[in-house]
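# Structural characterization, general
As a plain string of letters, each chain reads:
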Amino acid sequence: MSTTFNFADALLNWYDQFGRKDLPWQQSPTPYHVWLSEIMLQQTQVTTVIDYYLRFTRRFPGIRSLAQAKQDDVLAYWSGLGYYARARNLHKTAQIVVADFAGEMPKTLEQLIALPGIGRSTAGAILTLAYHQPFPILDGNVKRVLTRFDAISGWPGNKQVENKLWQRAEQLLPNRRIANYIQAQMDLGATLCTRSKPDCQNCPMQHHCQAFALGTPTAFPEKKPKKAVPQRQTHWLVLKNDQNEIYLEQRPQQGIWGGLWSFPEIDKAEDIDVLCRQRFHINITQHQPLPHLQHVFSHFKLAIHPHLLQCRAEGIADKDNGNWYKIEDSLTLGLPAPVKSFLQSFL
DNA sequence: AAGGCGGGGTA
DNA sequence: TACCCAGCCTT
């Protein structure tokens, strides 16, 4: 007699042999650990996250210590990881959970999605990995596995395609071992059903995968339609006083690098000395343009032109969002990656 | 539906 | 160099 192929059973059997069980956040998968790791892993690879996760959990071992922290401190531990709204939302959510849920992550999809920074997929990961409730996730791994398994064409960023994927992810859910199953989906996508060189010969889905049958597994998922990224310019005012301190400002919460510390910025390098007198009430004694840095974002390129401006400290204005720092002290702040790298080269 | 939002690994 | 990664939020 013949039996129909069971996706979940095959995946779970594969997971028992080849799945990942040693990742830091798997050692004690509390709701806090699962949530934190899921946020860090949004658009960020596992190998990058591991060190950040270990440092972050040493400093903030639980949701209450995170809730009590200053946002500045949280951002400092996120510095270099990017997508800083994740850190700001993480902090906000910790405070909400402590205030409204007695410090315990909620257990329903609706309550989780209502929290800042948690969408349907992250909520699904928390519900499955921490609470063992049956929900689908749809991260990059699952999108890749499922678009191949069903040979689904179209870009997964397209709403129609995404809806189809959610539907399929839900349909394939097993009624047992849900946490292992969700982890297995991610493991399959991350270690075997990879973007460039999928190891189809060792895949438990090989004989049931539509993309493999077509002979073009890497044709799925379809690529995002690309568009040109604009090149922008900015100038950094690297103010340096007689005590060898540099001046840093905290950026507004909204926009790029929100809440992080950086140099005062201007669009055009006109009349810098005059501007410094007007805005900061200081006199520049020496102005040295430094070689420009090229920084690449996902949506634009930024040419940064630093201007080293030697000046006297007294009388500097708008101190409410700016401060003088010794360079070695500044490195413990929440700094954008190019600012940190620039300051380190200064030592 | 489209765009904003980082930084780094990889081919 | 181009692509994309355990996505979410705003417009």
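Since the structure is predicted, the reported quantities are computational estimates derived from the model, not experimental observations. (Residues numbered from 1 in each chain as written. Chains lettered and ligands numbered in written order. Predicted model: local features only at pLDDT ≥ 70, side-chain atom pairs only at ≥ 80, totals over all residues. Heavy atoms only, no water.)

## Comments concerning the protein's contact with DNA strand B
This is how it is decided: We call a residue near a molecule or strand whenever a single non-hydrogen atom of that residue lies within 4 Å of it. The term polar contact refers here to a pair of N or O atoms within 3.5 Å; inside protein, the definition further demands a hydrogen-donor-capable atom paired with an acceptor-capable atom, and it admits residues adjacent in sequence only when both atoms are side-chain atoms. Note that Gly is not counted as nonpolar here; it falls among the polar residues with everything else outside the nonpolar set of Ala, Val, Leu, Ile, Met, Phe, Trp, Tyr, Cys and Pro and the charged set of Asp, Glu, Lys and Arg.
For DNA strand B, the set of nearby residues contains 21 residues, the closest of which are Thr-44, Tyr-83, Tyr-84, Lys-159 and Trp-257. The share of sugar and phosphate among atoms of DNA strand B within 4 Å of the protein is 60%. At a separation of 3.0 Å, a base nitrogen of DNA strand B approaches a polar backbone atom of Gln-43. Looking at the surface near DNA strand B, its residues break down into 9 nonpolar, 10 polar and 2 charged.

## Describing the UniProt feature "domain: HhH-GPD" (unreviewed entry) in chain A
Inclusion rule: UniProt positions are given in the numbering used here, feature names are shortened, and annotations may be inferred rather than shown by experiment. Secondary structure elements are defined from DSSP: runs of H or I of at least 4 residues count as helices, runs of E of at least 2 residues count as strands, and each element is numbered from the N terminus.
As recorded in UniProt, the sites labelled "domain: HhH-GPD" (unreviewed entry) are residues 40-191. From the first C-alpha to the last, residues 40-191 spans 19 Å; its make-up is 64% helix and 0% strand.

## Some details on the protein's contact with DNA strand C
What surrounds DNA strand C is a group of 26 residues, the closest being Leu-41, Gly-117, Thr-122, Asp-139 and Asn-141. Within 4 Å of the protein, atoms of DNA strand C come from sugar and phosphate in 65% of cases. Contact distances for DNA strand C include 2.6 Å between a phosphate oxygen and a side-chain N or O atom of Thr-122. Split by residue class, the surface near DNA strand C holds 8 nonpolar, 10 polar and 8 charged.

## Comments concerning the nonpolar core
The following threshold applies: To define a nonpolar core, start from buried Ala, Val, Leu, Ile, Met, Phe, Trp, Tyr and Cys residues and group those joined through side-chain atoms within 4.5 Å. Using a 1.4 Å probe on the protein chains alone, a residue whose accessible area is under 20% of its type maximum counts as buried, one over 50% counts as exposed, and one in between counts as partly exposed. Domain start and stop points were drawn from an automatic or database domain assignment. Working rule for contacts: check all heavy atoms of both residues, and any pair within 4.5 Å makes them a contact.
Counting 94 residues, the largest nonpolar core has Trp-35, Phe-56, Trp-78, Met-105 and Tyr-181 as its most contacted members. Top element by residues in this core is helix H11 (residues 178-192). It accounts for 8 residues. Looking at which domains feed residues into this core, each of domain 1 (7-197 + 206-219) and domain 2 (231-346) supplies at least three. Beyond its immediate sequence surroundings of up to four residues, Met-105 is in contact with Pro-31, Trp-35, Ile-63, Val-97, Leu-112, Leu-115, Ile-118, Ile-126 and Tyr-131. Grouped together as the second largest cluster of nonpolar side chains are 12 residues, Ile-266, Ile-272, Leu-309 and Cys-311 included.

## Looking at helix H9 (residues 140-149)
Most of H9 is tucked away, with 8 of its 10 residues classed as buried. Buried within H9 we find Asn-141, Val-142, Arg-144, Val-145, Leu-146, Thr-147, Arg-148 and Phe-149. Those residues of H9 hidden inside the fold are in contact with helix H1 (7-18), helix H10 (159-171), H11 and helix H12 (210-214). A positive backbone phi angle near 50 degrees is found at Ala-151, which sits one or two residues after H9.

## Digging into the packing of helix H2 (residues 31-40) against helix H3 (residues 46-59)
The condition that has to hold: Every axis in this analysis is a line fitted to C-alpha atoms, fitted for helices over the stretch in contact. Angles between the N-to-C directions lie between 0 and 180 degrees. For this classification, under 35 degrees means roughly parallel, over 145 means roughly antiparallel, 65 to 115 means roughly perpendicular, and everything else is oblique. For any pair of crossing helices, the crossing counts as left-handed if the nearer helix is rotated counterclockwise from the farther one by less than a right angle, and right-handed if it is rotated clockwise.
Where H2 contacts H3, the axes come no closer than 10 Å and their chain directions differ by 140 degrees. Here H2 lies oblique to H3, going by the angle between them. The handedness of the crossing between H2 and H3 is right-handed. Counting all contacts with H2, which are made through Tyr-32, His-33, Leu-36, Ser-37 and Met-40, the residues of H3 involved are Val-49, Tyr-52, Tyr-53, Phe-56 and Thr-57.

## As for the state of the cysteines
Applied cut-off: Cysteine sulfur atoms are paired as a disulfide whenever they fall within 2.5 Å.
Going through the model one piece at a time under the given rule, you end up with 0 disulfides. The closest cysteine sulfur to the non-disulfide-bonded Cys-193 is located on Cys-203, 6.2 Å from its own sulfur.

## With respect to H3
Quick reminder: α-helices carry 3.6 residues per turn. Residues three or four places apart thus point the same way. Rules: Every helix has an expected span of 1.5 Å times one less than the residues it contains.
Given a rise of 1.5 Å per residue, 14 residues ought to cover 20 Å, and the 20 Å separating the end C-alpha atoms of H3 matches this to within 8%. Taken together, the buried positions of H3 are Val-49, Tyr-52, Tyr-53, Phe-56 and Thr-57. Next to the buried residues of H3 lie H2, helix H4 (63-68), helix H5 (71-78) and helix H6 (85-100).

## Thoughts on the pattern of salt bridges
Spelled out, the test is: Criterion for a salt bridge: a side-chain nitrogen of Lys or Arg within 4 Å of a carboxyl oxygen of Asp or Glu.
Under the criterion given, the structure shown has 9 salt bridges. In this structure, the salt-bridge partner of Arg-59 is Asp-73, at a minimum N-O distance of 2.4 Å. One end of the pair, Arg-59, is in helix H3; the other, Asp-73, is in helix H5, and 14 residues separate them in sequence. Given a relative accessible area of 24%, Asp-73 falls into the partly exposed group. Put simply, Arg-251 and Glu-265 hold a salt bridge, and the shortest N to O gap is 3.0 Å. Of this pair, Arg-251 sits in the loop between strand S2 (245-250) and strand S3 (261-262) while Glu-265 sits in strand S4 (residues 265-266), and the two are 14 residues apart along the sequence. Residue class for Arg-251 comes out buried when judged on its relative accessible area of 18%. Assessed through its relative accessible area of 29%, Glu-265 is described here as partly exposed.

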